[in-house]
Amino acid sequence: MRFHYAESMTAITNYVPLAQAAEANGYAGFTIPDSLIYPKASDTNYSYTDDGGRTFLENKPFVESFILATAIGASTKTLELTTNVVKLPVRPPLYSAKLAASVAAITGDRFNFGVGLSVWPEDYAAMGVDYAKRGKRFDECIAIVKGLCAGGYFEFHGEFYDIPPVKLNPLPGKPLPILIGGHSDAAFKRAAKHDGFMFAGGGHEVLAPMVAEINRYRDELGTSAKPFRLFATEMGEVTPDTVKRMEDLGVTDMPVAFRNLYAVEEDSQPLQDKIDLMKRFADDVIARV
């Protein structure tokens, strides 16, 4: 099991010292949150809170994911950086590919590109992107990012994007890992097709049927033999037994957060308290599994 530190929506000055402390305490990586805007009005329910509420996001700082990944990467030597997750279809895919390739190259291939659909129609409207057929658009975006990051001239002619032969420089030194977020059947199928799945949280009982579906799709698509990473975020208390149950399910990576990231109130936890909790987990759990 690889453990990743999963702080989010905290003071922006906390990120670099937290990443450095995570590296010093034996964590494998740091997950990078993503959010574009907070609309003044929205009728959309949020998928990952019990009541569908979104107010926990208001007035919370979100550094642009690629910038935060670069800042942490430049301040550390070994930590993996995994976006959790970039809302890819609302962004221009060629520019996203350029950013992802640059971050991977400048951090020595420590970048995993976790991507997903935005649940907010307002994100699409603000970026001038049609909300309809967003799943198909998402698939085209992934194909463009993978094609451009593979090196050499790449062209794409799809329903939404038409790109003549172009190439990027710099490039990742290895294939860019594409990890899929989302708790829908379409997300499970995309994850099976690509390099991994980002589980947003909810525990073993919620994850188990999702893993079964992903594995079924991997069998159908003929991808079950290729390496696959399964990220499962845990918030609050995590014991060695929790880790063992997740490992038995096939989880390879566990981002851990030591507070409720969906809390409405502003994060007021002192930086040293965060580091102390991080170290305690490293001593009590990481060192024992």
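Right above here is the structure, for reference.
Presented here is an overview of the structure given in this document. These figures come from a predicted structure and were not determined experimentally.

## Examining the overall build of the protein chain
Regarding its fold elements, the protein chain presents nine helices and 12 strands. Considered along the principal axes of its C-alpha atoms, the protein chain spans approximately 50 × 45 × 40 Å. Across the 289 residues of the protein chain, 49% fall into the buried class. Here the analysis covers contacts within the protein chain between residues at least 6 apart in sequence; of these, 70% occur between residues at least 24 apart. Separation of charge centres in the protein chain, based on 30 positive and 37 negative side chains, amounts to 5 Å.

## What about unusual backbone geometry?
Of all residues except glycine, most have a negative phi; of all peptide bonds, most are trans. Here Asn84 and Val85 are connected by a cis peptide whose omega angle stands at -15°. Checked against the element boundaries, Val85 lands in the loop between strand 3 (80-83) and strand 4 (86-87). In the segment running from Asn169 into Pro170, the intervening peptide bond is cis, with an omega of 10°. You can see Pro170 is positioned in the loop between strand 7 (162-166) and strand 8 (178-181). Notably, Asp109 is not glycine yet its phi reads approximately 60°, a positive angle. Along the chain, Asp109 falls in the loop between helix 3 (93-106) and strand 5 (111-116).

## With respect to the packing of aromatic side chains
In this structure the tally under the stated criterion is 13 aromatic pairs. Through a chain of ring-to-ring contacts, the aromatic side chains of Phe3, Tyr5, Tyr15, Tyr27, Phe30, Phe258 and Phe281 assemble into a single cluster. A cation over an aromatic ring shows up here: Arg216 above the ring of Tyr217, its NZ or CZ 4.6 Å from the ring centre.

## Considerations on the environment of Ala143
If you trace the backbone, Ala143 turns up in helix 5 (residues 134-149). In this structure the C-alpha to C-alpha distance between Ala143 and Phe156, which are 13 residues apart in sequence, comes to 8.5 Å.

## Some thoughts on empty space enclosed by the protein
The gaps left among the atoms become clear once a water-sized probe is rolled over them. Enumeration according to the criterion identifies one cavity of 30 Å³ or more in this entry. Of the pockets and cavities examined, the largest cavity occupies roughly 30 Å³. Every residue lining the largest cavity is listed: Tyr5, Glu7, Phe258, Arg259, Gln269, Lys274 and Leu277.

## Here's the deal with the side chain of Asp34
Looking at where Asp34 falls in the secondary structure, it is placed in the loop between strand 2 (29-32) and helix 2 (65-75). Taking the relative accessible area as the measure of exposure, Asp34 reaches 6% and is therefore buried. A polar contact of 2.9 Å, which involves the side chain of Asp34, links it to the side chain of Arg91. When sequence neighbours within four positions are dropped, the list of residues in contact with Asp34 reads Phe62, Ser65, Asn84, Val85, Val86, Lys87 and Arg91.

## Thoughts on the environment of Thr83
Mapped onto the elements of the fold, Thr83 is located in strand 3. Relative accessible area serves as the criterion here: at 0%, Thr83 is assigned to the buried category. Counting along the chain gives 39 residues from Thr83 to Glu122, while the straight-line C-alpha distance between them is 21 Å. Apart from the residues within four sequence positions on either side, Thr83 is in contact with Ile32, Ser65, Phe111, Asn112, Phe113, Gly114 and Met198. Polar contacts involving the side chain of Thr83 include one to the main-chain carbonyl oxygen of Gly114, which spans 2.8 Å.

## A look at a nonpolar patch on the surface
Together, Leu36, Ile37 and Met127 make up an exposed nonpolar region whose accessible area comes to about 230 Å². Note that Leu36 resides in the loop between strand 2 and helix 2. According to the relative accessible area criterion, Leu36 is partly exposed, its value standing at 32%.

## Concerning the environment of Ile144
Position of Ile144 relative to the elements: it lies in helix 5. Judged by its relative accessible area of 0%, Ile144 falls in the buried class. Residues Ile144 and Ser96, spaced 48 residues apart in sequence, show a C-alpha to C-alpha distance of 9.3 Å.

## Observations concerning the packing of helix 3 against helix 5
Interhelical geometry of helix 3 versus helix 5 gives an angle of 45° and a closest axis separation of 9 Å. By the angle between their directions, the pair helix 3 and helix 5 is classed as oblique. Regarding helix 3 and helix 5, the two cross each other, and that crossing is right-handed. Taken together, the residues of helix 5 that come into contact with helix 3 (itself represented by Pro93, Leu94, Ser96, Ala97 and Ala101) are Cys141, Ile144, Val145, Leu148 and Cys149. Looking at the contact of helix 3 with helix 5 residue by residue, the class counts come to nine nonpolar, one polar and no charged.

Definitions and limits used
Residues numbered from 1 in each chain as written. Predicted model: local features only at pLDDT ≥ 70, side-chain atom pairs only at ≥ 80, totals over all residues. Heavy atoms only, no water. Helix = DSSP H or I, 4+ residues; strand = E, 2+ residues; numbered from the N terminus. Buried < 20%, exposed > 50% of the residue type's maximum accessible area, 1.4 Å probe, protein only. Contact = heavy atoms within 4.5 Å. Lys, Arg positive; Asp, Glu negative; His and termini not counted. Charge placed at Lys NZ, Arg CZ, Asp CG, Glu CD. Phe/Tyr/Trp six-rings, centres within 6.5 Å; stacked < 30°, edge-to-face > 60°. Lys NZ or Arg CZ within 6 Å of the ring centre and 35° of its normal. 1 Å grid on protein atoms, 1.4 Å probe; cavity = no way out; pocket = protein on both sides within 12 Å on 5 of 7 lines; lining within 4 Å. Points joined across faces, edges and corners; volume = space filled by probe spheres on them. Polar contact = N/O pair within 3.5 Å; in protein donor to acceptor, adjacent residues only side chain to side chain. Patch = residues over 30% accessible without salt bridge, like charges linked within 9 Å, V, L, I, M, F, W, Y side chains within 5 Å. Areas by Shrake-Rupley, 256 points an atom, 1.4 Å probe, with all protein chains shown as cover. Salt bridge = Lys/Arg side-chain N within 4 Å of Asp/Glu carboxyl O. Axes fitted to C-alpha atoms, helices over the stretch in contact; angles between N-to-C directions. Parallel < 35°, antiparallel > 145°, perpendicular 65-115°, else oblique. Left-handed = near helix turned anticlockwise from the far one by under 90°. Nonpolar A, V, L, I, M, F, W, Y, C, P; charged D, E, K, R; others polar.

None of the figures reported here should be taken as evidence of function without further support.
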